[in-house]
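Residue-level structural notes
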Amino acid sequence: MQKIKVLIENKQVGELFFEKENIQYDFNYTKNLKPISLIMPYKPSTYIWKDKLHPIFDMNIPEGYLFEVFKNHLNKEYAYIDDFLLFSYLCSNIQSRITYESCFDKEEFHSIDLDEILKNDTPDTFMKILKTFLNKNAISGIQPKTLALLQDKTTLSTKEYIIKTWGDEYPYLAQNEYFCLKAVQRAGVVIPNILLSENKKFLLVERFNYDKSKDEYLGFEEVLVLMGKNKEEKYSGSYEAVAKVIYAVTTNKIDSMQSLYKTIVMNYLLKNGDGHLKNFGVLYDKEFKNISFSPAYDIVNTCVYFYKDRPALTMFGQKVWFGKKELIKFGIENCFLSKKDSTYYYEECIEALKQSIDELKLYIKTNSEFEDIGSKMIDSWNLSLIQSRHKELAVEIIRNWA
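Residues numbered from 1 in each chain as written. Predicted model: local features only at pLDDT ≥ 70, side-chain atom pairs only at ≥ 80, totals over all residues. Heavy atoms only, no water.

**Some thoughts on the sheet that holds strand β9 (residues 194-196)**
Our working rule: Pairs of strands are assigned from DSSP output, requiring at least two bridges between the strands. We count a stretch as a helix when DSSP gives it H or I for four or more residues in a row; a strand needs E for two or more, and each element gets its number in order from the N terminus. Should any heavy atoms of two residues lie within 4.5 Å, those residues are considered in contact. Note on method: axes are straight lines fitted to C-alpha atoms, helices fitted across the in-contact stretch only, with angles between N-to-C directions ranging 0 to 180 degrees.
With mixed pairing, five strands are arranged side by side in an open sheet as β6-β7-β8-β10-β9. Either end of the sheet is taken by a strand with one partner, and the two such strands are β6 (112-113) and β9. Two elements, strand β8 (residues 157-164) and strand β10 (residues 203-206), share four bridges in a ladder whose sense is antiparallel. Bridge pairing in β10 places Ile163 opposite Leu204. Its contacts with the sheet place helix α6 (residues 173-186) against β8, β9 and β10, and it is angled at close to 140 degrees to β9.

Pasting the structure below:
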């Protein structure tokens, strides 16, 4: 039986076991210190998870591009790959509230100059970073990305960033996500610190699970984890269920529900069809006194790549692009906002979208390579400004893109 030690604040709190014959994952608390997850309080008996890792561990398993990288690497080395081997391989290098000790040694990583990455955003640079920090990449998501430790020479600080790039399938995805996140920020929602590289090939997203003022890592859990689900189930749910979970676990409910509401509205207005259960989360301190909705992340306009894309989760039992009437109703019924507040926050989002359209128009004038994708984003955002319900992008818009 294989096992991993699980620690909080450098003190072991439990052990994760893998029964390979039964494909069963067992977690046992060894001490009644602090829980490893908001949904896994201390108990003397075993937390058993069949076939898949417990959600709090599973959320660290790479997907898409990174999973293929690890599959090739581990298959070559060990002639097989499963989630436990992959998690064992990565977990010792995870920097978070929870730390781990496995049969693989913890590595020492040296930081790279931030300016160098921003100026030299080539495919070769990305591969160099990926190879340098490969064993830190306990992150999910489909697109090409890698974790990296970057040093800012002006502040002499070293921070952990996720560096995202793109391939031919999703052209100019870095700029797409940059402008979508800036639009969400303009609506009054906190986002991570983000930087667009000089040639627009990389989007750098600073990790937000570290509190510099207290010199401690914050707890972070995805809504998927809080629902007790695994990555394969990230599209199985509703925005009503997301709101219910966020309301149930947060301590500053007013601010959290306001931010969640605006984030969901902006997902609709920006035409993000990938706002699934892994793309919403909560942050909390070590005493669990402050549990809040996390900064918004992973928001892109997916309709410019999949013209008939629809929302990832249901709202009112449907996957359609709802307009003003339905979104305000959602705020009242599910985010516990008054009609006045729900309407006010919705209008803030509309104003943020208008300003973002103006900003994108100016950007395209001096960045011609982004004209095709940027113009499609503007077309789909203008459709959102009509503020009425529609199943998918209008045929006239799609024809214009052909």
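More follows now that the structure is in view.
**Structural notes on the sheet that holds strand β14 (residues 281-284)**
Judged by pairing direction, the sheet is antiparallel, and its three strands sit side by side in the order β13-β14-β15 without closing on themselves. Of all strands in the sheet, those bounded by a partner on one side alone are β13 (219-222) and β15 (291-293). Each strand axis lies, on average, 25 degrees off the axis of its neighbour in the sheet, ignoring direction. Direction of pairing for β14 relative to β15: antiparallel, over a ladder of three bridges. Residue pairing in the sheet places Tyr284 in a bridge with Ile291 of β15.

**Quick look at the environment of Leu38**
Topologically, Leu38 is positioned in the loop between β3 (24-29) and β4 (47-50). Those residues in contact with Leu38, other than ones at most four positions away along the chain, are Glu221, Leu226, Val249, Val282, Tyr284, Phe288 and Ile291.

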